[in-house]
Amino acid sequence: MPSVGTKAGTNAIAAPTDDKRWRVVDATMRRHGYRPAALIEALHSVQESFGCLDEPGLQYVAASLGVPLSRVFGVATFYHYFSLKPQGDHTCVVCTGTACYIKESPALLRAIEAEFGIANGETTPDGSLSLLTARCLGTCGLAPAAVLDGDVAGRLQPAELLERLHQLVGAAKEVAAR
Amino acid sequence: MTPEELSELAVAERQRLDRLAHQINVCTATACHASGSEAIKTRLTAEVRERGISGQCLIRGVGCRGLCTNGPMVSVEPQGVLYQHVTADDAPALLDSLASEPVSHIQAPTDDPFYTRQHRIVLEHAGEIDPEQITEYIAVGGYQALAKALYEMSPADVVDELTTSGLRGRGGAGFPTGLKWRTVAKALSDRKFVICNGDEGDPGAFMDRSVLESDPHRVLEGMAIAAYAVGAHEGFLYVRAEYPLAIKRLTTAIRQARQRNLLGDAILGTPFTFHVEIRLGAGAFVCGEETALIASIEGERGSPRPRPPYPAEVGLWGRPTLINNVETLANIAPIIKNGGAWFAGIGTEKSKGTKVFALTGQVKNTGLIEVPMGISLREIVFDIGGGVPEGRSFKAVQTGGPSGGCIPDELLDSSVDYESLTRLGSIMGSGGMIVMDNTSSMVEVARYFMEFSMTESCGKCIPCRVGTAEMHGILTRFCEKRATERDLALLEQLCDLTRHASLCGLGQSAPNPILSTLRYFKQEYLAALESNQPEEVGAAAEEGRS
Ligand SMILES: Cc1cc2nc3c(=O)[nH]c(=O)nc-3n(C[C@H](O)[C@H](O)[C@H](O)COP(=O)(O)O)c2cc1C
Ligand code: SF4
Ligand code: FES
Ligand code: FES
């Protein structure tokens, strides 16, 4: 039964690299006594630290918790929140929840696709912008809404959203050029 | 802390607040935060310090007041002045006005039906207290119900009180809470669990999020009382990872409650222990279903399993487990404090108490509302919601999200209770309520929800996995006006099949949006049939070619 688990520490194996962020992941797994049940918490921790779940990360979690890699992969792909691919430098999450849908959020998606050539789940070839969708951001009062690099923006018109995205991406390019 | 110390602390806190000339509450919940409320709070705090009135004027961040469209919202107590669309630049004028008349250009009416027609029990503290300070919750009587349960009631008394109250689960199905608690209490096991379901997957709803952000201790207190009643010592709060603010506030709340010995070991000086942990959901709607949620806490893919056995008997790690929704648990403390009979006095014969709804879509006042059961849909949409915006006309209101249905104009006088809504072909659901106007196509709406169910189907059973995809395909043909009579017949068959042959609630209720729109708006489906399309389209194309 998963609740029995292994004694804390016995599964502690060396991290893939000496990147300090692995310590955060280790701390999460240790807090849960390296039990297989800690799998989802561990994956959250990897994604929060590294931005996505890449193969070394999945392998490390699998070995540490004594869970077959296939199961780790199965869990990681089952949940929409987990991403196996790295995101672009900037992210735009458009809400496709009911309230935003009724207030024309599909038009926002179409505008981004036309302007930047990316559909839901895609990143521009230069890696500057990723487009994602979410179901209800909890700001339905401001529908249609989107999250730009972590900040919620509400009552968006397509033109305004595109302008803000150009600002985000453009600002980054200027910094890079300097 | 003992119950006496709890009461003393409450009195001391209240006296401290009463000595203040003004308490300025700035809404810092998600929507107002997005409209810049942090800047307002910072500016007010700085101004108050500069003016040297920190001793008489408290600036605090509070949870959602409900009318998020008009945010950022600020209120001044005890004067009872409410402001809307506030900006940081309004701060000086707002403070200047404390001694005189309110600032008129941002003042919001407090006698609007939006406020006066509501009945707040679950949300009574939302917008009134700082959710990050346990002392504020204690000052308004928080944890008194837990003390009462532990010192004056046996676990069986608590279950009886719940049964008397008539409370039913707010997570969607409306199962009697007292009965569920009794089943878990009776189950024989040395280890039991209490789980708070905060997965809130309905794609147009944010009731639970608001409760967790505005009044997290209320939910913790409810969980602790539940644990005492059923004999559990461990609990889990399953919250969506997409709710960072709710998670942060819950984490703070759990820490503070532990420090004051209101959670953890020897709660309030009794032998009762209860430990709570947070578990993050990872964006799968089906994980709101109780058996899938349990699998997820166990670190597995969130696939439902057949019931029975129900979690009340065989739940988390095979142990008896009580699963309740956030809003259900937020109702517990007031019921224990005021008695089950008090609660049973509100609402209808079979649906007691109040229900929180996220009122959105094409309606003037979008936001979060709490209404007594038995209120009519019309009162909600037209009185509280203020009706649809100028130049549009009301068409339907959708309740229950992807498991619910659309209710047309002529049925708006129906009462909001579990049985009535089910009779209309919709469901109470968790509390999403979306108003649609004459510009919305009902077939499009049905397709929208079917796309949701199709994407969120866990794929474990064929009727749901294939059925939702097939129905989505047919609805797409309707939306593109190339459906046939055969499609219509097939759609009806598929609804019936998916509904009766699916394993869990997701598949069983996925046809509801189609069934309800077929029932009330069938003409829209008929008008979209290929055979009903004007021939000119083809003819015009021919002409263009020649
Ligand atoms: C597909 C599906 C999704 C569900 N999502 C939720 C949810 O997000 N929140 C919730 O409280 N209950 C949800 N439920 C209902 C739960 O299975 C369960 O009935 C509920 O949490 C019990 O709590 P209550 O009795 O307090 O309502 C869902 C059910 C199904 C079938
Ligand atoms: S009905 Fe759908 S969601 Fe439920 S178990 Fe079957 S496939 Fe999974
Ligand atoms: S539906 Fe978009 S924020 Fe709720
Ligand atoms: S978030 Fe401020 S009123 Fe709702």
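Attention now moves to the sheet that holds strand β6 (residues 193-198) of chain B. The strands making up a sheet associate through backbone hydrogen bonding, with each pair oriented either parallel or antiparallel. All names here are of chain B. Taken together, four strands build an open sheet; the order of strands is β8-β7-β6-β9 and the sheet is parallel. Because the sheet does not close on itself, it has two edges, and the strands there are β8 (275-281) and β9 (321-325). On average, each strand axis in the sheet is tilted by 20° relative to the strand beside it, whichever way the strands run. As defined by bridge partners, strand β7 (residues 234-240) adjoins β8 across seven bridges and the pair is classed as parallel. Within the sheet, the bridge partner assigned to Arg240 lies in β8 and is Gly281. Most of the contacts of helix α11 (residues 216-230) go to β6, to which it runs at about 150°, and overall it touches β6, β7, β8 and β9.

Residue and element names in this part refer to chain B. With respect to the helices and strands, the residue Gln23 is situated in strand β1 (residues 22-27). Looking at Gln23, the relative accessible area reads 14%, which means it is buried. With residues up to four places along the chain from it excluded, the contact list for Gln23 reads Leu17, Leu58, Arg60, Ser75, Val76 and Glu77.

Every contact between the two is made by 52 residues of chain B and, on the other side, 34 residues of chain A. The contact between chain B and chain A buries some 3500 Å² in all, and 60% of this surface belongs to carbon and sulfur atoms. On the surface where chain B and chain A come into contact, there are one salt bridge. Notably, a salt bridge pairs Arg71(A) with Glu300(B), separated by 3.6 Å at the nearest N-O pair. Summed over the shared surface of chain B and chain A, the result is 18 residue pairs in polar contact (both at pLDDT 80 or more). Elements represented by at least two residues in the side of chain B that touches chain A include exactly α2 (30-34), β7, β8, α13 (290-297), β10 (354-361), β14 (432-437) and α19 (442-456) of chain B.

Residue and element names in this part refer to chain B. With respect to the helices, strands and loops of the structure, Gly127 is situated in the loop between α5 (113-116) and α6 (134-139). With 79 residues separating them along the chain, Gly127 and Phe206 place their C-alpha atoms 16 Å apart. Leaving out residues up to four positions away in the same chain, Gly127 has contacts with Asn25, Val62, Gly63, Cys64 and Arg65.

Rules of the game
- Residues numbered from 1 in each chain as written.
- Chains lettered and ligands numbered in written order.
- Predicted model: local features only at pLDDT ≥ 70, side-chain atom pairs only at ≥ 80, totals over all residues.
- Heavy atoms only, no water.
- Pairing = 2+ DSSP bridges.
- Helix = DSSP H or I, 4+ residues; strand = E, 2+ residues; numbered from the N terminus.
- Axes fitted to C-alpha atoms, helices over the stretch in contact; angles between N-to-C directions.
- Contact = heavy atoms within 4.5 Å.
- Buried < 20%, exposed > 50% of the residue type's maximum accessible area, 1.4 Å probe, protein only.
- Buried area = accessible area lost by both parts, 1.4 Å probe.
- Salt bridge = Lys/Arg side-chain N within 4 Å of Asp/Glu carboxyl O.
- Polar contact = N/O pair within 3.5 Å; in protein donor to acceptor, adjacent residues only side chain to side chain.

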